[in-house]
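Each chain, letter by letter, is given below.
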Amino acid sequence: MEDQINALKEKGNAALAAGKHDEAVAAYTEALKLNDENYVIYSNRSAAYVKAGKFQEALQDAQKTVSLNPTWAKGYSRLGTALSYLNRTMEAFEAYSKGLEYDRNNTALLAGLEEIKKRLLSDLASEVPMDVDPPAAKPTQAKATAKPEAKIDEDLPENKRLARREKEAGNEAYKKRDFEKAITHYEAAIQHDATDITFYNNLAAVHFEKRDYQKCIAECEKGIAIGRENRADFKLIAKAFTRIGNAYKKLEDWKSAKTYYEKSMSEHRTPEVKTLLSEIEKKIKEEERKAYIDPVKAEEEKEKGNEYFKKAEYSTAVKHYTEAIKRNPDDPKLYSNRAACYTKLAAFDLGLKDCETCVRLDDKFIKGWIRKGKILQGMQEQSKALQAYQKALELDPSNAEALEGYRNCTMAVNSNPEEVLKKAMSDPEVQQILQDPAMRLILDQMQEDPKAVQEHLKNPAIASKIQKLLECGIIKIH
């Protein structure tokens with residue numbers, strides 16, 4: 001049955017690649033009849049539905065994908081895409097953000113999130129900064145406009161009618177960027193009617209445009225107090241809080257901005273303010289990280305870690321190396337030292353992660369490559385360890401540790417090729433390469449004509465897959 005499911009999945013993939021969306025959906029549907037718990041096929045069918053313009057169906061399949069495998073980042077990418085096409089922008093933002101919790105470097109999720117942020121910020125930028133009354137529907141005859149406006153004015157008390165006219169004059173001046181005139185009109189509106197939060201909000205908007213952020217904050221605070229007293233619409237109060245947050249953001253007072261965005265959200269939740277809040281929280285986190293960096297203290301913590309390492313108190317050493325990394329996160333030696341502790345504690349996965357960070361920060365740091373090789377040996381990943389030692393030998397061909405590691409790995413690979421091959425075949429990346437119809441054709445061609453490999457190696461995408469199969473011992477080139 002598994003072979004039949006895979007065949008249907010491949011059929012669907014081929015149809016999707018060829019732009020035959022309905023055929024792809026049909027193939028995936030047949031596969032799901034055989035196994036309705038296969039989250040990968042739900043994901044693929046979601047993609048096909050998107051291409052076919054059936055976004056509600058795409059959403060249902062994406063939701064099923066995520067429910068079947070809540071830690072699979074790609075599922076959230078499918079979910080975000082479907083929600084985006086349905087214009088459920090905030091939900092799409094949350095889906096992409098959730099996916100990045102499981103795979104921070106996922107390009108599809110990062111691109112999707114960036115697109116959603118642009119959409120949210122574009123919506124925010126297009127918002128009229130004043131609290132202008134919505135325009136009335138366009139009448140068919142000019143004569144029709146005079147009577148309703150006169151009727152509205154007639155229904156208002158004299159002071160409110162005068163205040164409204166001053167506000168409208170202020171709005172016109174604001175649109176022309178005649179800010180001094182706008183201020184005069186808004187202040188006059190407040191003189192006529194001091195109970196309307198709108199006038200304070202509009203006056204604050206002018207001060208914001210003039211970059212007089214403290215005055216903007218002061219007017220918003222007055223408006224909020226007036227609004228509370230007079231039971232103003234909570235959306236207007238939320239807008240005043242947001243404007244205070246924006247002013248503090250301009251002043252680079254990130255914590256105050258965060259406080260006021262949160263107050264705005266407590267009054268009225270909007271995707272725009274949630275985006276602003278999320279960005280400010282990242283700013284605060286980054287500022288705190290930078291403020292914590294202190295290379296001198298990092299060195300002190302590293303020395304403490306070294307002392308405990310010598311005493312074989314590896315868990316305590318890890319704590320000191322971790323603190324040193326927080327104090328100086330760009331020093332590759334600190335990750336190398338902590339990796340050594342993790343190796344002693346047999347926490348090979350954590351040690352490997354530190355080694356990868358170490359060589360990413362400094363790919364000329366030979367000890368990082370050697371340590372990575374040793375950890376991979378401990379994990380019985382001989383072919384990958386061999387690759388790490390090769391990197392070290394490229395930097396120093398006479399390095400004794402690298403030479404010894406390279407020899408040991410070579411012997412292990414040659415002594416038990418069947419075990420190495422078995423392990424390689426369980427690697428998901430290898431499985432994906434071997435299941436790719438195009439790669440199967442290339443491998444068949446290479447068997448019939450060994451010279452063909454040179455031509456294929458000119459294609460970087462194919463070359464990387466061939467290199468992977470070579471490293472794992474799946475194929476050999478003579």
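Thresholds, definitions, all that
Residues numbered from 1 in each chain as written. Predicted model: local features only at pLDDT ≥ 70, side-chain atom pairs only at ≥ 80, totals over all residues. Heavy atoms only, no water. Helix = DSSP H or I, 4+ residues; strand = E, 2+ residues; numbered from the N terminus. Buried < 20%, exposed > 50% of the residue type's maximum accessible area, 1.4 Å probe, protein only. Areas by Shrake-Rupley, 256 points an atom, 1.4 Å probe, with all protein chains shown as cover. UniProt positions renumbered as here; feature names shortened; annotations may be inferred. Phe/Tyr/Trp six-rings, centres within 6.5 Å; stacked < 30°, edge-to-face > 60°. Lys NZ or Arg CZ within 6 Å of the ring centre and 35° of its normal. pLDDT = per-residue confidence, 0-100. Contact = heavy atoms within 4.5 Å. Expected span 1.5 Å × (residues − 1). Axes fitted to C-alpha atoms, helices over the stretch in contact; angles between N-to-C directions. Parallel < 35°, antiparallel > 145°, perpendicular 65-115°, else oblique. Lys, Arg positive; Asp, Glu negative; His and termini not counted. Salt bridge = Lys/Arg side-chain N within 4 Å of Asp/Glu carboxyl O. Polar contact = N/O pair within 3.5 Å; in protein donor to acceptor, adjacent residues only side chain to side chain. Core = buried A, V, L, I, M, F, W, Y, C linked by side-chain atoms within 4.5 Å.

Digging into the overall build of the protein chain
Helix and strand counts for the protein chain come out as 27 helices and 0 strands. Counting over 478 residues, the protein chain shows a buried share of 40%. With the model as given, the accessible surface of the protein chain reaches about 27500 Å², and the carbon-plus-sulfur share is 50%.

Description of unusual backbone geometry
Here the phi dihedral of Arg211 falls at roughly 65 degrees; this positive angle occurs in a residue that is not glycine. Its place among the elements puts Arg211 in the loop between helix 11 (197-209) and helix 12 (213-229). For Arg211, a relative accessible area of 67% translates into the label exposed. The phi dihedral of Arg231 falls on the positive side, at around 55 degrees, and the residue is not glycine. Along the chain, the position of Arg231 falls in the loop between helix 12 and helix 13 (234-250).

Digging into the UniProt feature "repeat: TPR" (unreviewed entry) in the protein chain
As recorded in UniProt, the sites labelled "repeat: TPR" (unreviewed entry) are residues 5-38, 39-72, 73-106, 238-271, 298-331 and 366-399. Strand forms 0% of residues 5-38 and helix 79%; the C-alpha atoms that close the span are 10 Å apart. Span residues 366-399 is 79% helix and 0% strand, its end C-alpha atoms 9 Å apart.

Focus on the packing of aromatic side chains
Using the criterion set out here, one finds 8 aromatic pairs in the structure. A centroid spacing of 6.1 Å and a plane angle of 35 degrees characterise the contact between Phe241 and Tyr260, whose relative ring orientation is tilted. In this pair, Phe241 is assigned in helix 13 and Tyr260 in helix 14 (residues 254-267), connecting sequence segments 19 residues apart. Of the two residues, Phe241 and Tyr260, neither departs from the other in class, the shared state being buried. Members of the aromatic cluster, connected to one another through ring pairs, are Phe241, Tyr248 and Tyr260. One Lys or Arg, Lys311, reaches over the ring of Tyr308 and ends 5.0 Å from the middle of that ring.

Looking at the confidence of the model for the protein chain
Caution applies to low-pLDDT parts of the model: their predicted coordinates are not meant to be read in detail. Of the residues in the protein chain, 88% have a pLDDT of 70 or more, and the chain-wide mean is 86. This model gives residues 124-128 a pLDDT under 50, and the stretch forms 4 contacts once residues within four places in sequence are excluded. This model gives residues 132-152 a pLDDT under 50, and the stretch forms 6 contacts once residues within four places in sequence are excluded.

Looking at the UniProt feature "domain: STI1" (unreviewed entry) in the protein chain
UniProt annotation of "domain: STI1" (unreviewed entry) refers to residues 427-466 when read in the numbering used here. In this annotation, residues 427-466 is assigned 80% helix and 0% strand; the end-to-end C-alpha distance for the span is 15 Å.

Observations concerning helix 17 (residues 314-327)
Think of an α-helix as 3.6 residues a turn; residues three or four steps apart then line up on the same face. Between its first and last C-alpha, helix 17 extends 20 Å over 14 residues, near the 20 Å set by a 1.5 Å rise per residue. Residues of helix 17 that are buried make contact with helix 15 (271-292), helix 16 (295-310) and helix 18 (332-344).

Topic: the packing of helix 24 (residues 428-435) against helix 25 (residues 437-448)
With their axes 5 Å apart at the nearest point, helix 24 and helix 25 run at an angle of 75 degrees to one another. The angle between the axes of helix 24 and helix 25 places the two elements in the roughly perpendicular class. Seen from helix 24, the contacting residues are Ile433, Leu434 and Gln435; seen from helix 25, they are Pro437, Met439, Arg440 and Leu443.

Describing the side chain of Asp331
Turning to its location among the elements, Asp331 is positioned in the loop between helix 17 and helix 18. We note that Asp331 is buried and unpaired, the nearest opposite charge coming from Lys333 at a distance of 4.7 Å. Among the polar contacts listed, one links the side chain of Asp331 to the backbone nitrogen of Lys333, at a separation of 3.0 Å.

Things to note about the nonpolar core
Ile41, Leu79, Leu83, Phe93, Tyr96, Leu109 and Ile116 are the most contacted members of the largest nonpolar core, which has 32 residues in total. Looking at this core, the elements that each hand over two or more residues are helix 1 (2-17), helix 2 (21-34), helix 3 (39-51), helix 4 (55-68), helix 5 (73-85), helix 6 (89-102) and helix 7 (107-125). Sorting elements by how many residues they give to this core places helix 6 first, with 6 residues. Not counting chain neighbours up to four residues away, the residues in contact with Phe93 comprise Leu113, Ile116, Lys117, Leu120 and Ser278. In this structure, Trp254, Tyr261, Val273 and Ile280 belong to the second largest nonpolar core, which totals 24 residues.

Some remarks on helix 18
With 13 residues, helix 18 extends 19 Å between its outermost C-alpha atoms, agreeing within 8% with the 18 Å of an ideal straight helix rising 1.5 Å per residue. Taking burial as the measure, the 13 residues of helix 18 include 10 buried ones, the bulk of the element. Pro332, Leu334, Tyr335, Ser336, Asn337, Arg338, Ala339, Ala340, Cys341 and Tyr342 are the residues of helix 18 that are buried. Structurally, helix 18 contributes buried residues whose contacts are with helix 16, helix 17, helix 19 (348-361) and helix 20 (366-378). Of the residues that open helix 18, the one with a side-chain oxygen 3.0 Å from the backbone nitrogen of Lys333 is Asp331. Just downstream of helix 18 lies Ala346, where phi reads positive at about 65 degrees.

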